[in-house]
Amino acid sequence: MSDRKGLNRGLFWLYEGHGRGPFSFRWAMLIFDFATIIYFLLAPFAERGPHHYIIDYVIGAVILFDLVARFYIAKSKRKFLMRFLPWADLIVVITMFAPLLVANLAFLRVLRAVRAIRAFTFIKRAGKMWGFVQQHEQVIDRVTNLIVFVFIMAALVYVSQVRINDGINSYLDALYFTVTSLTTTGYGDVLLVGESGKIIAIIIMVLGLTLFLRLVRAILRPTDKVEQECETCGLTMHDPDAVHCKHCGGVIHIQTKGLT
C-alpha cells in the first residue's frame, strides 16, 4: 500500500485493508449484494411503478460507484477488464439507468447474482476466523457457482417462455423447471417450447449437471490442497506446508496456525 496515495490509498484500504473499518465496509457491501440479488429475483418482471425506478437509480448508483472504485484501485486494469464480474456489473448498471431503452432486457439484472461469487471471496477472507469455511472452501465455492447458474438460467427460461408457454407464468415456474431439469427429475408437467426453449433446456442439463457433479466430487473427494495464488506464475493450489511454488519455484506465503 506504500505506493498508493490519496483517494487510491483510501479506497484500497477499504476494499483490501485490515481493521474494523474495511471489515465493516465489506460486510455492508456483502449485505447490499444479497439484498439486491433478492430484489432482482422478486421484482424484475412485475409491473413497475415510480417507486421501482427510484430504487433502481439508487441501486445503480451504488453498483456504479463500486465498479469504478474497484477499477481505480486495480493493480492491472487490463486483467480487471478481462474478468466477467465487472462486465456483468456494467450490464446491470445500464439496465438500471436506461429502463426505457433496455426494458426488454430487464432480465439481465439477474446477472447481479454473479456477485454471490465475489461475496464468497470475502467470506473466505473472513473465514480465517471460521474453521468451517476453511475446511469446506471448495464445497462452498461449488455451491455458490451452482446457485448462480440456476438463478441466471431460470431468468432466461422465464424471459424466453413467458406469454408463449402456458406452463411458465412466473419466475417461480421457470425456477421449478430449471431445478427439475438440472436434477434430471423431469416430471414433464412443464416443457419449453420452440427452438430457443430446446437450446436452453440442453444448456441447463449439460452445464448444470456438470456443476452438480463438481459439487458432489468436492464433497466426496475433498482436496488436501490450500488456495494461495503464486504471484509469479498464478498457480493457485498448493500443499498446506509449501513455501515454494512447485510450478515456478517462487516463494509463496500461506497463512498457517503452525503445529498443534
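Residues numbered from 1 in each chain as written. Predicted model: local features only at pLDDT ≥ 70, side-chain atom pairs only at ≥ 80, totals over all residues. Heavy atoms only, no water.

**Examining the overall build of the protein chain**
Argument step 1. The helix and strand tally for the protein chain stands at ten helices and two strands.
Argument step 2. In the protein chain, the order of α-helices and β-strands from amino to carboxyl end is α-α-α-α-α-α-α-α-α-α-β-β.
Argument step 3. Out of the 260 residues in the protein chain, the part that is buried amounts to 39%. (Helix = DSSP H or I, 4+ residues; strand = E, 2+ residues; numbered from the N terminus. Buried < 20%, exposed > 50% of the residue type's maximum accessible area, 1.4 Å probe, protein only.)

**Observations regarding the packing of aromatic side chains**
What describes a pair of aromatic rings is the distance from one ring centre to the other and the angle between the planes of the rings.
Argument step 1. Inspection of the entire model under this criterion finds four aromatic pairs.
Argument step 2. Where Phe23 meets Trp27, the ring centres are 6.2 Å apart and the plane angle is 70 degrees; that geometry is what we call edge-to-face. Of this pair, Phe23 and Trp27 both sit in helix H2 (residues 20-42), four residues apart, roughly one helical turn.
Argument step 3. The ring of Phe71 is capped by Lys77, whose NZ or CZ atom sits 5.7 Å from the centre of that ring. (Phe/Tyr/Trp six-rings, centres within 6.5 Å; stacked < 30°, edge-to-face > 60°. Lys NZ or Arg CZ within 6 Å of the ring centre and 35° of its normal.)

**As for helix H1 (residues 6-16)**
An α-helix turns once every 3.6 residues. As a result, residues three or four positions apart point the same way.
Argument step 1. The complete set of buried residues in H1 reads Asn8, Leu11 and Tyr15. Buried residues of H1, seen end-on, are gathered within an arc of 70 degrees and therefore sit on one face of the element. (Arc of directions from axis to C-beta.)

**Some points on the confidence of the model for the protein chain**
A low pLDDT score tells you not to read the predicted coordinates there in detail.
Argument step 1. On average, residues of the protein chain carry a pLDDT of 76, and 73% of them reach 70 or more.
Argument step 2. For the protein chain, the element scoring lowest by mean pLDDT is helix H7 (residues 131-135), at 57; helix H4 (residues 77-81) scores highest, at 87. (pLDDT = per-residue confidence, 0-100.)

**Structural notes on the environment of Cys230**
Argument step 1. Within the element layout of this structure, Cys230 appears in the loop between strand E1 (226-227) and strand E2 (237-238).
Argument step 2. Spatially, the C-alpha atom of Cys230 lies 6.0 Å from that of Ile252, the residues being 22 residues apart in sequence.

**Concerning the packing of helix H3 (residues 50-73) against helix H5 (residues 84-97)**
Argument step 1. Packing of H3 against H5 brings their axes to within 9 Å, and their N-to-C directions diverge by 150 degrees. Taken together, the axes of H3 and H5 lie roughly antiparallel to each other. Of the two elements, H3 crosses H5, and the hand of that crossing is left-handed. Two secondary-structure elements touch here, H3 through Asp56, Tyr57, Ile59, Gly60, Ala61, Ile63, Leu64, Leu67 and Arg70 and H5 through Pro86, Asp89, Leu90, Val92, Val93, Met96 and Phe97.
Argument step 2. Residues of the contact of H3 with H5, tallied by class, amount to twelve nonpolar, one polar and three charged. (Axes fitted to C-alpha atoms, helices over the stretch in contact; angles between N-to-C directions. Parallel < 35°, antiparallel > 145°, perpendicular 65-115°, else oblique. Left-handed = near helix turned anticlockwise from the far one by under 90°. Contact = heavy atoms within 4.5 Å. Nonpolar A, V, L, I, M, F, W, Y, C, P; charged D, E, K, R; others polar.)

**Observations concerning the nonpolar core**
Argument step 1. By size, the foremost hydrophobic cluster in this structure holds 21 residues, and its most contacted members are Val157, Phe177 and Ile204.
Argument step 2. Mapped by element, the contributors of at least two residues to this core are helix H8 (137-161), helix H9 (171-182) and helix H10 (194-220).
Argument step 3. The biggest single contributor to this core is H8, with eight residues.
Argument step 4. The residues contacting Ile204, other than those within four sequence positions of it, are Phe149, Met153, Val157, Phe177, Thr178, Ser181, Leu182 and Leu209.
Argument step 5. In terms of nonpolar packing, the next biggest core, distinct from the first, is built from 14 residues, Met29, Tyr39, Ala69 and Val92 among them. (Core = buried A, V, L, I, M, F, W, Y, C linked by side-chain atoms within 4.5 Å.)

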